[in-house]
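Per-entry structural report
What follows is each chain in one-letter form.
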Amino acid sequence: MFSSTGFSSPSVSYLVFTTNSFPWLTVFVVLPISAGLLIFLFPHRGNKVIRWYTLCICIFELLLMTYAFYYYFQLEDPLIQLTEDYKWIQFFDFYWRLGIDGFSLGPILLTGFITTLATLGAWPITRDSRLFHFLMLAMYSGQIGLFSSQDLLLFFIMWELELIPVYLLLSMWGGKKRLYSATKFILYTAGGSVFLLMGALGIALYGSNEPTFNFETSANQSYPVALEIFFYIGFLIAFAVKSPIIPLHTWLPDTHGEAHYSTCMLLAGILLKMGAYGLIRINMELLPHAHSIFSPWLIIVGIMQIIYAASTSPGQRNLKKRIAYSSVSHMGFIIIGICSISDMGLNGAIFQIISHGFIGAALFFLAGTGYDRIRRVYLDEMGGMATPMPKIFTTFSILSLASLALPGMSGFFAELIVFFGIITGQKYLLMSKILITGVMAVGMILTPIYLLSMLRQMFYGYKLFNAPNSYFFDSGPRELFVSISILLPVIGIGIYPDFVFSLSVDRVEAILSNYFYR
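Throughout what follows, the structure given in this document is the object of discussion. None of the values given here were measured: they were computed from a predicted structure.

1. Focus on unusual backbone geometry
Backbone torsion omega between Ser243 and Pro244 reads -5°, so that peptide bond is classified as cis. With respect to the helices and strands, the residue Pro244 is situated in the loop between helix 9 (225–242) and helix 10 (251–258). The amide bond that connects Ile246 to the next residue, Pro247, takes the cis arrangement and shows omega of 5°. Along the chain, Pro247 turns up in the loop between helix 9 and helix 10.

Structure, rendered in structure tokens:
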């Protein structure tokens, strides 16, 4: 329970290590989009050169980030942030502030890994190849910039940088209803961004003669409860759209149903995680009083989301829409973990962000490779794929089991730790904990129903054998490499979850110091 005197002072201690020797973090953000602009200098028919160039940029960026990851762990204090702080716009007193800590490292490395594999997965795309690969690299910069932002206005700019690339990727390389899905996406996300900007401006202008968007300054600022609630609601709407949280989720199934599978990999693996990241980084870290007030209600929403999405998914004929609803369901566990206000719960939420990033991206990739072969997207038109395509069958089955939290896979520990976070947390009464975990368990029972029925409809039966031209190629070396590259970390962190926990555990304790006396 909370101390009888309420909260401790809402402040977060930041130990800062400024990277004066070389602006590594700026290079991480600027390199992909800058290198992407050079693509337009390539010849119109140089598709092969463009693909290899983009892939090399992604790999180079990932290697640089891995070096930063290694360098960060050479530091003695786990709470130290690697930061860069430059004056950007003199007239507006706006700073280019970047930083990485134990919380942002995981999403940044996930972004590099999934973007590299999505670029390799997009190998068959030849129409307007230069624009397509530039948009992929532009998204790369926006995502790295958001996860490393230490300034509210910079956070908003990077948040907005994602909108146009995703809109164009949807509207130009999507399915038959691509324009409808792209329009719905931009309306939802741009509408949510308005609330994000209002919240950022409100925090910057409050209590200071000179506006400041610095995360560190905002974390040490206290607000009247009513004003803090107002800020919290604005940020919550923006992040609820992106996560998504019901009832602001309806853009997601339509978007996934029409997008190319490489775009789906970026959406499921990274874009949805930006909303959850914002909930922790801004709502939870900067606005602790309001977060404590809203947490019980958001837990109810998270439970409803798990049950609703798991119940709706079996009724989806479109394969990618069924996987999309499974993503909505799994995001419910992240919401519950964030709102448990406990070490275990928040660590479990961060673990689920990483775990589902891998699993969601892999399932959409395999769904797309299957569509490339059979040209069918509706489950009731599929069947019998296991015999002609055993490699796709094997990898799809293993990753589906990982999604339903099979022990030994990353999804198991993610959901288990969220469960323990609710049970061991100090905020809620015993009966509330029993009720919450009981309803969550019902959602976990529903998950195997829609995932296993999906496997049955796709891979068993004889429909494809009776179809004309019923000989199909299995995964090639490129597709098999992408599938195994995602499968290995899913199994690896499922067997050794301490690798992920070691990133976040100290940062989580620092965040929760706003809520309890220790």
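Structure's up, so let's keep going.
2. Re the packing of aromatic side chains
Overall, the coordinates contain 23 aromatic pairs when judged by the stated rule. Relative to Phe239, the ring of Phe155 lies with its centre 6.2 Å away and its plane at 85°, an arrangement referred to as edge-to-face. With a gap of 84 residues between them, Phe155 in helix 5 (residues 152–161) and Phe239 in helix 9 connect regions that are remote in the sequence. Phe155 gets classed as buried once you look at its relative accessible area, which sits at 0%. Classification of Phe239 by relative accessible area gives buried; the value is 0%. Judged by centre distance (5.8 Å) and plane angle (75°), the ring pair of Tyr261 and Phe365 falls under edge-to-face. With Tyr261 in helix 11 (residues 261–286) and Phe365 in helix 14 (residues 343–374), this residue pair connects regions lying 104 residues apart in the sequence. A connected cluster of aromatic rings, assembled from ring pairs, spans Phe155, Trp159, Phe215, Phe235 and Phe239. Sitting over the face of the ring of Trp159, Lys242 holds its NZ or CZ atom 4.5 Å from the ring centroid.

3. Notes on the pattern of salt bridges
Going through the model one piece at a time under the given rule, you end up with eleven salt bridges. In this structure, the salt-bridge partner of Asp101 is Arg281, at a minimum N-O distance of 3.0 Å. On the criterion of sequence distance, the pair formed by Asp101 in the loop between strand 3 (94–100) and helix 3 (102–121) and Arg281 in helix 11 is long-range, its members being 180 residues apart. We note that Asp101, like Arg281, is buried. A network of salt bridges, in which partner residues are shared, links Asp101, Arg281, Glu285 and Arg507.

4. Here's the deal with the environment of Tyr378
By the element assignment, Tyr378 lies in the loop between helix 14 and helix 15 (390–403). Every residue in contact with Tyr378, bar those within four places of it in the chain, is listed here: Arg317 and Asn318.

5. Brief notes about the packing of helix 3 against helix 18 (residues 477–495)
Closest axis-to-axis distance for the helix 3/helix 18 pair is 9 Å, and the angle between their directions is 160°. The orientation of helix 3 relative to helix 18 falls into the category roughly antiparallel. For the pair helix 3 and helix 18, the crossing hand works out as left-handed. In this structure, helix 3 contributes Phe113, Leu117, Leu120 and Gly121 to the contact, and helix 18 contributes Arg478, Phe481, Val482, Ser485, Ile486 and Pro489. Of the residues contributing to the contact of helix 3 with helix 18, the split by class is seven nonpolar, two polar and one charged.

6. Structural notes on the layout of surface pockets
Each pocket or cavity is described by its volume, and for the largest pocket that value is around 680 Å³. Tallying contributions element by element places helix 14 first for the lining of the largest pocket, with four residues. By residue class, the composition of the lining of the largest pocket is ten nonpolar, eight polar and ten charged. One number sums up the size of the second largest pocket: a volume of about 290 Å³. As for the second largest pocket, its lining consists of 14 residues, of which Gly106, Leu109, Leu110, Phe358 and Phe499 are closest to the centre. Where the lining of the second largest pocket is concerned, the elements lending two or more residues are helix 2 (47–72), helix 3, helix 14, helix 18 and helix 19 (498–512).

7. Overview of the environment of Phe396
Tracing the backbone through its elements, the reader meets Phe396 in helix 15. Take Phe396: its relative accessible area is 0%, and that puts it in the buried class. C-alpha of Phe396 to C-alpha of Leu455: the two residues are 59 residues apart in sequence and 8.1 Å apart in space. Ignoring sequence-local partners within four residues, the contact set of Phe396 consists of Ile323, Leu363, Leu366, Ala367, Met454, Leu455, Met458 and Phe459.

Reading the values: the criteria
- By convention here, each chain's residues receive numbers from 1 onward along its written sequence.
- A pLDDT threshold of at least 70 governs which residues receive local features in this predicted model, and a stricter bar of 80 or more applies before side-chain atom pairs are shown or counted, although totals over entire chains, interfaces and linings include all residues.
- Side-chain numbers here rest on the full set of heavy atoms in the structure, without hydrogens or water.
- For the purposes of this entry, the term helix denotes a DSSP run of H or I that reaches at least four residues, the term strand denotes a run of E that reaches at least two, and both are numbered from the N terminus.
- A pair of aromatic rings is counted whenever rings of Phe, Tyr or Trp (Trp by its six-membered ring) have centres within 6.5 Å, and the orientation is called stacked for planes under 30 degrees apart, edge-to-face for over 60 and tilted otherwise.
- Under the scheme applied here, a residue whose accessible area is under 20% of the maximum for its type counts as buried, over 50% as exposed, and between as partly exposed, the area being computed with a 1.4 Å probe on protein chains only.
- When the NZ atom of lysine or the CZ atom of arginine is within 6 Å of a ring's centre and also within 35 degrees of its normal, the charge is said to sit over that ring.
- Salt bridges are identified by distance alone: a Lys or Arg side-chain nitrogen within 4 Å of an Asp or Glu carboxyl oxygen.
- By the convention used here, residues are in contact when the closest approach between their heavy atoms is within 4.5 Å.
- Working convention: axes come from line fits to C-alpha atoms, limited for helices to the stretch in contact. Angles between N-to-C directions cover 0 to 180 degrees.
- Between 65 and 115 degrees an angle is taken as roughly perpendicular, under 35 as roughly parallel, over 145 as roughly antiparallel, and anywhere else as oblique.
- A clockwise turn of the near helix away from the far one marks a right-handed crossing, whereas an anticlockwise turn of less than a right angle marks a left-handed crossing.
- When residues are sorted by character, Ala, Val, Leu, Ile, Met, Phe, Trp, Tyr, Cys and Pro go into the nonpolar class, Asp, Glu, Lys and Arg into the charged class, and all the rest, Gly among them, into the polar class.
- With a 1 Å grid spanning the protein atoms alone, the term cavity applies to any set of points in which a 1.4 Å probe fits but cannot get out, the term pocket to an open set with protein on both sides within 12 Å along at least five of seven lines, and the term lining residue to any residue with an atom within 4 Å of a point.
- Grid points are joined across faces, edges and corners, and a volume is the space filled by probe spheres set on the points.

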